Structure formats: C-alpha cells, structure tokens
Amino acid sequence: MADTFDLVVIGGGPGGYVAAIKAAQLGLNVACVDKRETLGGTCLNVGCMPSKALLQSSHHFEAASRDFAAHGVKTGKVTLDLDAMMARKTAVVDGLTKGIAYLFKKNKVEHVAGTGTITAIGEVTVKQGRKKQVLKVRNILIATGSDVAPLPGVAIDEEKIVSSTGALSLSKVPKHLVVVGAGVIGLELGSVWRRLGAQVTVVEFLDTVLPGMDIDVRKQMKRTLTKQGMAIKLSSKVTGAKASKTGVGLTVEPVAGGKTETIKADVVLVAIGRVPYTDGLGLDKVGVETDERGFVKVDGDFRTNVAGIYAIGDVIGGAMLAHKAEDEGVAVAEILAGQKGHVDYAAIPGVVYTFPEVAAVGRTEDSLAKEGVAVKVGKFPFTANSRALANGEAEGFAKVIADAASDRLLGVHIVGPGAGDLIQEAITVMEFGGSAEDMARTCHPHPGLGEAVKEAAMAAWDKAIHV
Ligand code: FAD
Ligand code: NAI
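Residues numbered from 1 in each chain as written. Chains lettered and ligands numbered in written order. Predicted model: local features only at pLDDT ≥ 70, side-chain atom pairs only at ≥ 80, totals over all residues. Heavy atoms only, no water.

**Re the site of ligand 1**
1) Next: In the vicinity of ligand 1, 39 residues are found, and the nearest of them are Asp34, Thr42, Lys52, Gly116 and Ala322.
2) Next: In the environment of ligand 1, an oxygen atom lies 2.7 Å from a nitrogen or oxygen atom belonging to the side chain of Lys52.
3) Next: Relative to its unbound accessible area of 1000 Å², ligand 1 is 94% covered by the protein chains.
4) Next: Looking at the shell around ligand 1, the elements with two or more residues in it are α1 (14–25), β2 (30–34), α2 (41–46), α3 (48–67), β4 (115–120) and α9 (322–336).
5) Next: Among the residues making up the shell around ligand 1, the classes are represented as 15 nonpolar, 18 polar and six charged. (Near = heavy atom within 4 Å. Polar contact = N/O pair within 3.5 Å; in protein donor to acceptor, adjacent residues only side chain to side chain. Areas by Shrake-Rupley, 256 points an atom, 1.4 Å probe, with all protein chains shown as cover. Helix = DSSP H or I, 4+ residues; strand = E, 2+ residues; numbered from the N terminus. Nonpolar A, V, L, I, M, F, W, Y, C, P; charged D, E, K, R; others polar.)

Quick look at the structure:
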C-alpha cells in the first residue's frame, strides 16, 4: 500500500466507488474505505438492486397468476417460492458487489475495509475490529451516503416494524403490510408485497402520493395503485405503534385533526425519507460544516469549508439518487485531476419502478404554473400506442412540457410500461437544449413505446397524429 494517497474516498456506494475509479483512471493514487463487507453502498446492497430484483420477480409472479391467460398461455395454479425469490435477489446483489471489487482491482483502486474517521486534515484512520490503519492523504472525499429517517414513536426492529432493509428480506408474505410514506420506497416495496399476496395499506402525511411529481402523474398513480388493490390513506399521520407477538397496532389520525384509529398490521414499513449519514466520521474534529439537517455543506466544486476535504452523493443532499451520486463522483474526480467537472442538476431524471413505471425529468407543470411560466403541454395516452396495445400493457401516458415562446423542452413525465428507459431521449434532448419540435421530428421505430413520447412532443409543439 502507498505511503500517501492522492485521494481517500470514505464510502464505497455509487458516489464513492465511481469517484474512486474515475480518479484512478485520471492517474490519481486512490484508496476507498467502506465499513460494509461488500462494496456498492446502500444502492447495491440494500437499495436499488435488491429492490429491483424483487420488483422483477414479483411482477413475473403477478403476470403469471393474472395476465398470461389473456395471451393464451395456460400455467395452472401459480405458487410462490419466496425462499427461491430471495435467494435470486441475494445472488444478483452478490454478483454486482463482486463486480465493483473486480473494477477496483482493474483500475488499481485500493479497497480498505473498515470504518473511516478523519482524524486530522490529511489523515484518515480506518478501524476494523481490533485492526487500525492510518492513511496519509492529499485529498479526502466524503461519500458516506444516507440512512433511514426515523419516525418518532415507531421504533424500527427490522422484524415487525421494518425499514426498507427489513422489507427486502421478510421471511414470509405478511397478511397486512402497512407502509408509512407514499414516496418512492413505500410504493415500490408496497407493490412487491402486494403482488406477492399481502393486503397493503399506505399511510401518507400529505394529500398526495409521490409528492413533488407532476400533478397528472400523482393523480394517475393514485388511481392505478388503488385499482391494483393498494389502500391509500392520505392526509393521515401516524402517532404511535405498539408491537406485540401477533403484530403491530398503529395509531393513525387525520392531519387536520379528528378521530384516531388503530390499524392492525403484521408488518409496518417506515419509509418517510432518508437522512444524511456522518456518524463516526470525525467531522467535528476537523471542523467540516453541516447544515441544520445534517447534510455536509459544499460549494459548486464539491469542496467543504475545510481545504482538501470534498463531499458528494446523498450526504450532501439534493436528489437522493444513485445516478446523481455517480455523476457527482465523476465530476469531483475530474476537478481533483485539474479538469472541469460539472453536473447538470436540471436534467437529473427520477424513476419509480412500480408497474407501470413512472419517469420524470425537468420541471413539473404545477411548479411552472406557480412561477407564472407560460408553457405548452402535450399529452399522449398509451391506449393510443400500438405497441402498448399489442403488449396488453397500455396504462399511462407521456406528457411533454415546452416553453410557450421558444418551444424549449422544460419537462417530460411518463407513466407507462418501460417509462424508466423511455425517459432517456428526453434527458438527452434537454442536455442539448433541444425543443419539443426536435423530439417530434426525430424518427422513432414503429411499433415502439417511444412513439408515445414522440406523439406527446408533437402535441406540445403542434398536433399529435394518433389521437
Ligand atoms: P451510499 O450508497 O449510501 O454509500 C455510502 C457508503 O458509505 C455505505 O456503504 C456505508 O457503509 C459507507 N460508510 C458510511 N460511513 C462510513 C465510514 N465512516 N467509514 C466507512 N464507510 C462508511 N436510487 C436510484 O437512483 N435508483 C433506485 O432504484 C434506488 N432505489 C433505492 C431503493 C432503496 C430501498 C433505497 C434505500 C435507496 C434507493 N436508491 C435508489 C437511492 C440510492 O441507493 C442512493 O441515492 C445511493 O446509494 C447514494 O449513493 P452514495 O454513494 O451517496 O451513498
Ligand atoms: P420519499 O421522500 O420518496 O417519500 C417519503 C414519503 O413519506 C413522502 O411522501 C412524505 O410526504 C411521507 N412522509 C414523511 N413523513 C411522514 C409521516 N410522518 N407520516 C406519513 N408520511 C410521511 O422517501 P423514501 O420513499 O423513504 O425514499 C428515500 C429516498 O430513497 C428517496 O429520496 C428516493 O430518492 C430514494 N429512492 C429512490 C428510488 C428510485 O429512484 N426508484 C427507489 C427508492 C428510494
């Protein structure tokens, strides 16, 4: 191991591992410290990837149980092997985390296992059990991510009252799962367990599911999820939870005040957001500033207030998304290598992997209206898209928002099959400062789901053909 590193990254999640690899590719001598046994952070170990594995498996289970017959495919009685489903999820995660270890070796990034503490400027001490290593370093990158936001009065035990981590590993399908929070985790993991047979009730503080998303998306998803069998209680607050041998009694009351009710659940999933994670990092010791919510404060070049200490990813706030953390990882590595690194925050997409998927980039119609920006809006339903009809998956729409005067693309919102991939063309057009007309005049393969996005762009710019 080197005597002095150019860069020590603390945290091996999508922000940290990408920064480490990119910095090594740019010629820096890099170590990455992570206290988990495996690399990949929250995303690969207990976030994006295990949840997507279970979403895919549970989607197959539901499709086989419910949808195959319409295609003339007879299956007989479909039964669930939850252990096999979980084993597949574990294998997917295993393969992916080992993949990061391989990439570290290939790019000559030193992986140091253990908890990293900044013990002085230019010094990171790593502890693992009784083993202690002191790394001397020119620059330190904090990429320690986030943790589950706690809900007062509802203590997580990861058995009956679980966070997303527990909800990814339940040993049996709960009869009644109550999800607190109708955000991304609540709706994705709520969908997994509903598809596998649980009765699912979602309790949300605000008066909408997926707050922050476009108004049409929120309305559509409330309708869709309700139709799928999810019970959604909006404007409701959880005031306490009592766990017993048989389950959990959750006390819930209307936000506006009124009668308290007790909902009985076998399992409660707390998914009310995530908070920055900086425990044991030693920020106080070296004087790195955090804001009132605990996020590490950085400038436009990811520099903290202490020279030689940088931060990226969930721990600095903004969208808590893996691809945002990764882009920051690349940008900070470029900056450290003397190049110009930059992230275009206006074009960071968000995807919710329910079925149908939800995908968004740019501004929402409601937020633009609040600012008085004049816009043109085009919408196209998947029920008018030939591929979606042929597939038998035609729920949802594509919506394109463009500036009324210049036609510049301001936002695209899709609820529909494959929305998470369909959004990519809108992101690219936005990155190039393109217009609704650019999208509308771009040839799209037929029959393709992307034609719905093109038609929405046509509707925003001029007129759609197929509605
Ligand atoms: P993290 O991935 O949290 O990594 C931080 C790492 O730092 C961790 O491994 C931690 O062990 C380590 N660490 C912390 N402190 C120390 C220390 N002192 N010493 C050593 N190591 C330390 N995002 C998406 O874009 N798409 C998705 O589909 C998606 N699905 C998600 C599903 C779930 C259930 C959850 C919980 C999150 C999901 N996310 C998703 C969010 C995504 O996981 C995060 O945005 C992303 O992981 C943030 O990356 P990061 O590198 O900033 O931090
Ligand atoms: P979230 O911010 O998406 O949703 C939290 C929800 O809980 C909100 O609707 C909020 O109004 C509600 N809420 C807050 N306090 C409440 C209370 N006391 N009672 C009832 N409801 C309450 O956070 P979530 O779902 O926990 O996800 C955390 C992060 O992980 C998100 O920032 C998200 O970006 C990321 N993530 C991303 C995924 C993706 O990209 N597909 C998948 C899963 C997570």
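From this point on, the discussion continues.
**Focus: the state of the cysteines**
1) Next: Tallied over the full model, the rule gives one disulfide.
2) Next: Through a disulfide, Cys43 is tied to Cys48; the S-S separation comes to 2.2 Å. Its S-S torsion of approximately -125 degrees makes the covalent link between Cys43 and Cys48 left-handed.
3) Next: Cys32 takes part in no disulfide bond, and the closest cysteine sulfur to it belongs to Cys43, at a distance of 14 Å. (Disulfide = S-S within 2.5 Å.)

**Section: the packing of aromatic side chains**
1) Next: This structure, assessed with the given rule, holds zero aromatic pairs.
2) Next: Over the face of the ring belonging to Phe397 we find Lys379, whose NZ or CZ atom lies 4.4 Å from the ring centre. (Phe/Tyr/Trp six-rings, centres within 6.5 Å; stacked < 30°, edge-to-face > 60°. Lys NZ or Arg CZ within 6 Å of the ring centre and 35° of its normal.)

**A short note on the site of ligand 2**
1) Next: Taken together, 22 residues form the shell around ligand 2, and within it Ile185, Glu188, Glu204, Gly273 and Val351 come nearest.
2) Next: Between ligand 2 and Ile185 there is a distance of 2.9 Å, counted from an oxygen atom to a backbone nitrogen or oxygen.
3) Next: Within the complex, 77% of the 840 Å² of free accessible area of ligand 2 lies under protein.
4) Next: When residues of the shell around ligand 2 are assigned to their parent elements, the largest contribution, three residues, is made by helix α6 (residues 184–195).
5) Next: In the shell around ligand 2, the residues fall into 15 nonpolar, three polar and four charged.
6) Next: Both domains that furnish three or more residues to the shell around ligand 2 are identified here as domain 1 (4–147 + 275–343) and domain 2 (161–272). (Domains from an automatic or database assignment.)

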